[in-house]
Amino acid sequence: MPPTALPPQLPTQLLELSPDIRNAYPIVLRFEESARTNSESKTRSILLMYARILGYLLLYGPSDEARKSVAKEVLSCATEEALEDTGKLYFDHYIRAFKKVKGRTPAQSSHPSRHSFDDVRQLKGKTLKQPPQDHSVAKRRALARDGYRCVVTGRYDNSSVELRPNLEEMAAADGSTVTQCAHIFDASTNEKLGGQDSDKRHYAASVWAIMDQFGYKDIAENLNGKGVHHLENILTLDMVVHDSFDNLKLWFEPTDELHVYRVVARHPIYLSGCKTLAKFTTEDPINLPLPSPEYLKIHAACAKIAHMSGAGEHIDQILRELEDTKVLSEDGASAKLLEHLLTPFSQEISVQ
């Protein structure tokens, strides 16, 4: 589906939430309109995406503090170039934190407008720890908590059915599948950190600095090192659902009932076989805690913003074109676009 233009007005509750949000939104609308009139189509697409990331963060940010923080960033931008840099910052270090695509880690850069962000990022970078590579124990514990089945489709895990005859009758009725251990915050963010001055450590610290900026002060510490494999950050998902979740094509929106979520997707095809509602339960909330509603809310906001702004589909389209052509155009026309879209990602892309 194509990206959606920003609505011309903020809803009443956001107008009343903060004068900064009220004053920042018209600036983003003017940035979007300026981007729309850019004569170069590929540059136009990138600028529109950045403008809409900023606008939809104001509309659908994961918390009121996130919206207020983004509004302050927008108000601190004196030029459209600064707005572009700010949109790119959130693309690189918020959208990317939940979007699994291979690519290169971005080169280090300072935040375009606020020294406080750079200070927090520097502090986070010094304390980061790499997670253990083996999370088989977490997968087994998540399976036990989730009843040895995908929490979205209800299908049972094939290997668990094979090992536990008591599951065979239920699997025959509800179906079985290959399940995977799905992380809400990607474990790869803190992997291969390198030295204190490495681009990868700088990238990871920027992700956690944005979470701090959004009001989530404890997430970086809670998910540091082996913490990323804690059950609060893990779901048992069918492998196809897992791919959709990791690529921001499917997410969980909270309902009025705690730990009950609407399963939402950017296209109905990604909901095939999924329940309308996912209800997470545990028989042992101390030793087998449920996925964090806070983490799922941050992921859901990211997925919705990626969808509405076109960021998710933009990445997918570029990768499809790259897969089709295998080579960049000889005149270098695609180089700027690829630099914008692919440099945030943590592993090298090979073009053959």
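Residues numbered from 1 in each chain as written. Predicted model: local features only at pLDDT ≥ 70, side-chain atom pairs only at ≥ 80, totals over all residues. Heavy atoms only, no water.

Looking now at the packing of aromatic side chains. Taken as a whole, this structure holds 12 aromatic pairs when the rule is applied. Residues tyrosine 94 and phenylalanine 214 carry aromatic rings whose centres are separated by 5.5 Å and whose planes lie at 85° to one another, so their mutual orientation is edge-to-face. Taken together, the positions of tyrosine 94 in helix α5 (residues 80-98) and phenylalanine 214 in the loop between α10 (199-213) and α11 (219-222) put the pair 120 residues apart, joining distant regions of the chain. By the burial criterion, tyrosine 94 is buried, and phenylalanine 214 matches it. Members of the aromatic cluster, each reached through a chain of ring pairs, are Tyr90, Tyr94, Phe98, Phe185, Trp208, Phe214 and Tyr295. Taking the ring centre of tyrosine 60 as reference, the NZ or CZ of lysine 304 above it sits at 4.1 Å. (Phe/Tyr/Trp six-rings, centres within 6.5 Å; stacked < 30°, edge-to-face > 60°. Helix = DSSP H or I, 4+ residues; strand = E, 2+ residues; numbered from the N terminus. Buried < 20%, exposed > 50% of the residue type's maximum accessible area, 1.4 Å probe, protein only. Lys NZ or Arg CZ within 6 Å of the ring centre and 35° of its normal.)

Our next topic: the sheet that holds strand β6 (residues 260-265). Pairing in this open sheet of 3 strands is antiparallel, and the strands run β5-β6-β7 from one edge to the other. Since the sheet does not close on itself, it has two edges, and those belong to β5 (250-254) and β7 (277-279), each with one partner. The average undirected angle you get between the axes of adjacent strands in this sheet is 40°. The sheet contact formed by β6 and β7 spans 3 bridges and is antiparallel. Bridging across to β7, tyrosine 261 finds its partner in alanine 278. (Pairing = 2+ DSSP bridges. Axes fitted to C-alpha atoms, helices over the stretch in contact; angles between N-to-C directions.)

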